[in-house]
Every structure is written in C-alpha cells, then in structure tokens.
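Now for the letters of each chain:
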Amino acid sequence: MRVMATIAGVREAVRAARCEGRRVGFVPTMGALHAGHVSLIARSAAECGATVVSIFVNPSQFNQAEDFERYPRTLERDLEACRAAGASIVFAPSNEEMYPRPLSTWIEPGAVAEHLCGRFRPGHFRGVATVVAKLFHAVEADRAYFGEKDAQQLAVIQTMVAELNMAVEIVPVATVREAGGLAMSSRNERLGAEERRAATVLYAGLRAALARLEAGEREARVVREAALETVGREPSVRVEYLEVADAGTMQPVERVSGPVRVLVAAWLGGVRLIDNVGFVPG
Ligand code: PAF
C-alpha cells in the first residue's frame, strides 16, 4: 500500500493502475476509520483491481470551527485499517494541497440539500460537494463508494455526478451497526458509555417507523409519530429532525408513494448523530 500526499502523485499512480487494466475504486473519508469505512474499502477491494482511500478532514464542510478542531485525527491507526481492508493507495493531502488558495469556485447543491441536515447545517453540503468534486478530479476513479448512513450526502453526490456528467459510478453501501443497533460513526467515540446506550434508541425509533410502513401505513405523520414516541423514551436524546423523505430528492413527503427514507438527526450532550432506514412500497 502506497501513501501519497500530492494530487499529482495520486493521479499518476491511478493512471498507472488503469494502464495495467485495473478498475479503480475510491473511498473518500475524513479518517477516524471504523467498521463502516472498512466495509466500503473491503467492498471496493473485492470489486476493483486498485482501491484508493482518501483521508482528509475537510474544513469547508464544518459549520463550527470547534467541531472541525475536535474531529478525531488517527492517521497511524487509519493506515493500518486501510492496509488490512485491502487498500492499494492512501491519499492523505495537507490542507495546503487541497486548498492552496481560498476557493472562488464552489459546487452549490440545490433542492436536494435544502431540508434535513441542509436546514440545520448551512453550507455543509456545499463544502461536501465541492471537496468530493475536487477529490474525484484528483483521483479519477471508475467507482466511488459511499455509506448509506449519510443518506442525504449520498443523494447530494449522486445528483452532482448525474447533473455535471462526472464519469464515476457511485456505489451505495449499507450502514454498518454496532451490536445494539447504533450506526457506526466517527462521532460515536465522543459518546460516554451511558450516552452510547441511550443512542441505540435512534435505530429503535427508525425500526418502529419501518414496522408501520411495512404494515401498510402510508401517512408520513403517523410513521414519524411512531418513531418519535420510541425515541422520546430516552429523555437525554434531543431530536433535531425526524422526517420521511423521498429517497432520491430528499424532499419530505406527506404520503409514501415511492421509495423513501426515514431520517433522524439528534443530539446526545454535545454530540450530533444521524441515522436512517430505507423503505420501498410493494
Ligand atoms: O463522509 C465523509 O466522511 C465526508 O463528508 C467526505 C465524503 C469524505 C467529504 O469530506
């Protein structure tokens, strides 16, 4: 496994891999790798002859400087995880390499970024879309793997790739969960033991919503209420939003008539967690 810090270096290595006839998979990350990232890397390694993992904590997607500074940075451990999961190249650029000067060109996602996290984290998806576009241009991979845990991020990227004719195939990968159901996230490390236990109520709430949908309920209000009632059993969990939204456009729906996601964001103390489940009516 090679570790590279420059765009020129990673681009050359990827072009060499492609000249050897290898398909190139890409897993963009901000490091602090956990089992969810490992599943993305392993999936890419199983499907592609070369897998590039980027590790870059992107300042332009954080709304609060403090959140950016407190984001865990665990490069040595991450490199081990990449190696074990089958990565061929790790691209770990500096901030100067990615942003040598303040940007004057940005990717501004439209309606797909308007609700849900987009409403509570202004500018977040603009930062995500822009850095992902920059990474796509640096790496020039055939496929890029993204976790379904960040469902709105995935929809923003799928929309960007389709609308801007980017030549990369986006591969969604199912959420990996801890034994109690909590979705794997780099932020889980900041939870105390009691908070970690309480956080499992989020997935329990989503499952309650899913049970209603599977039983034939199509009113989003009723589905939301079922989830909120379950989540409400843990008073330490402060729900930021809990919505039923169209799976592709991320617009909240009143009635379920096509593929949807039930999405939640909630705070436990100072830690913000997100999770979601998908449902496709028969
Ligand atoms: O999901 C993440 O870790 C980040 O948002 C991403 C896609 C690597 C962009 O910085």
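Residues numbered from 1 in each chain as written. Predicted model: local features only at pLDDT ≥ 70, side-chain atom pairs only at ≥ 80, totals over all residues. Heavy atoms only, no water.

> Any details on the overall build of the protein chain? Residues and values, ideally.
Assigned secondary structure in the protein chain consists of 10 helices and nine strands. The C-alpha atoms of the protein chain give 19 Å as radius of gyration, which agrees with the globular expectation for 282 residues (19 Å, within 12%). Projecting the C-alpha coordinates of the protein chain onto the three principal axes gives extents of approximately 55 × 40 × 40 Å. Burial status across the protein chain gives 51% buried among its 282 residues. Summed over its atoms, the accessible surface of the protein chain is roughly 12,800 Å², and 50% of this surface lies on carbon and sulfur atoms. Separation between the mean location of the 33 positive side-chain charges and that of the 34 negative ones in the protein chain comes to 1 Å. (Helix = DSSP H or I, 4+ residues; strand = E, 2+ residues; numbered from the N terminus. Rg over C-alpha atoms; globule rule 2.2 N^0.38 Å. Buried < 20%, exposed > 50% of the residue type's maximum accessible area, 1.4 Å probe, protein only. Areas by Shrake-Rupley, 256 points an atom, 1.4 Å probe, with all protein chains shown as cover. Lys, Arg positive; Asp, Glu negative; His and termini not counted. Charge placed at Lys NZ, Arg CZ, Asp CG, Glu CD.)

> Tell me about the sheet that holds strand S7 (residues 237-246), and name the residues and values.
On the basis of which strands lie adjacent, the open sheet formed by three strands has the order S7-S8-S9 and antiparallel pairing. Edge strands, defined here as strands with exactly one partner in the open sheet, are S7 and strand S9 (271-279). In this sheet, adjacent strand axes meet at a mean angle of 15° when their direction is disregarded. Direction of pairing for strand S8 (residues 260-268) relative to S9: antiparallel, over a ladder of nine bridges. Within the sheet, the bridge partner assigned to Ala266 lies in S9 and is Leu273. (Pairing = 2+ DSSP bridges. Axes fitted to C-alpha atoms, helices over the stretch in contact; angles between N-to-C directions.)

> So what about the packing of helix H2 (residues 35-47) against helix H4 (residues 75-85)? Which residues, and what values?
The interhelical angle for the contact between H2 and H4, taken along N-to-C directions, is 35°, at an axis separation of 9 Å. Like other packed secondary-structure pairs, H2 and H4 cross with a definite hand, here right-handed. On the side of H2, the interface is formed by Val38, Ile41, Ala42 and Ala45, while H4 contributes Ala81, Cys82 and Ala85. Of the residues in the contact of H2 with H4, the class split is seven nonpolar, no polar and no charged. (Left-handed = near helix turned anticlockwise from the far one by under 90°. Contact = heavy atoms within 4.5 Å. Nonpolar A, V, L, I, M, F, W, Y, C, P; charged D, E, K, R; others polar.)

> Hey, could you go over the site of the ligand for me, with residue numbers and the actual values?
Every residue close to the ligand is listed here: Pro28, Thr29, Met30, Asn58, Gln61, Val131, Val132, Phe146 and Gln153. Gln61 places a side-chain nitrogen or oxygen 2.6 Å from an oxygen atom of the ligand. In isolation the ligand offers 290 Å² of accessible surface; the protein chains occlude 90% of this area. Sorting the residues of the shell around the ligand by element identifies strand S2 (24-29) and helix H7 (124-139) as the ones contributing at least two each. (Near = heavy atom within 4 Å. Polar contact = N/O pair within 3.5 Å; in protein donor to acceptor, adjacent residues only side chain to side chain.)

> Tell me what's going on with the pattern of salt bridges, and back it up with residues and numbers.
For the coordinates displayed, the defined rule picks out 22 salt bridges. Linking Arg126 and Glu108 is a salt bridge whose minimum nitrogen-to-oxygen distance equals 3.1 Å. Of this pair, Arg126 sits in helix H7 while Glu108 is found in the loop between helix H5 (95-98) and helix H6 (117-120), placing the two residues 18 residues apart along the sequence. For Glu219, the salt bridge goes to Arg255, with nearest N and O atoms at 2.8 Å. Of the two residues, Glu219 is situated in the loop between helix H9 (193-214) and helix H10 (220-231) and Arg255 in the loop between S7 and S8; the sequence distance between them amounts to 36 residues. Salt bridges linked by common partners bring Arg43, Glu47, Arg143 and Glu169 together as one network. (Salt bridge = Lys/Arg side-chain N within 4 Å of Asp/Glu carboxyl O.)

> Account for the packing of aromatic side chains, with residues named and values stated.
In this description, an aromatic ring pair is defined by two values, namely the gap between the centres and the angle between the planes. Within the structure shown, the criterion is met by six aromatic pairs. Judged by centre distance (5.6 Å) and plane angle (75°), the rings of Phe62 and Tyr71 are edge-to-face. For the pair shown, Phe62 and Tyr71 are each scored as buried. Seen from their ring centres, Phe120 and Tyr241 are 6.0 Å apart, and the 20° between their planes marks the pair as stacked. In this pair, Phe120 sits in helix H6 while Tyr241 sits in strand S7, placing the two residues 121 residues apart along the sequence. Residue class for Phe120 comes out partly exposed when judged on its relative accessible area of 31%. Among the aromatic residues, those joined into a ring-pair cluster are Phe26, Phe136 and Phe146. Its guanidinium or amino end placed over the ring of Trp106, Arg126 lies 4.2 Å from that ring's centre, counting from NZ or CZ. Here the guanidinium or amino end of Arg177 rests over the ring plane of Tyr203, the centre of that ring lying 3.6 Å away. (Phe/Tyr/Trp six-rings, centres within 6.5 Å; stacked < 30°, edge-to-face > 60°. Lys NZ or Arg CZ within 6 Å of the ring centre and 35° of its normal.)

> Requested: an account of unusual backbone geometry, with residues and values cited.
Phi at Glu140 takes a positive value of approximately 55°, unusual for a residue other than glycine. Given the relative accessible area of 27%, Glu140 is considered partly exposed.

> An account of the sheet that holds strand S4 (residues 89-91) is needed here, citing residue identities and associated values.
Strand order across the open sheet formed by six strands is S1-S4-S3-S2-S5-S6, with parallel pairing between neighbours. One side of each edge strand has no neighbouring strand; the edge strands of this open sheet are strand S1 (2-4) and strand S6 (169-173). Put simply, the sheet's adjacent strands are angled 25° from each other on average, direction ignored. The pairing of S2 with strand S5 (residues 143-147) spans two bridges and is parallel. Directly across from Gly25, in S5, lies its bridge partner Arg143. Contacts from H4 reach S1, strand S3 (50-55) and S4, with the element oriented near 165° to S3.

Everything listed here is a matter of coordinates, which is why it stays silent on function.
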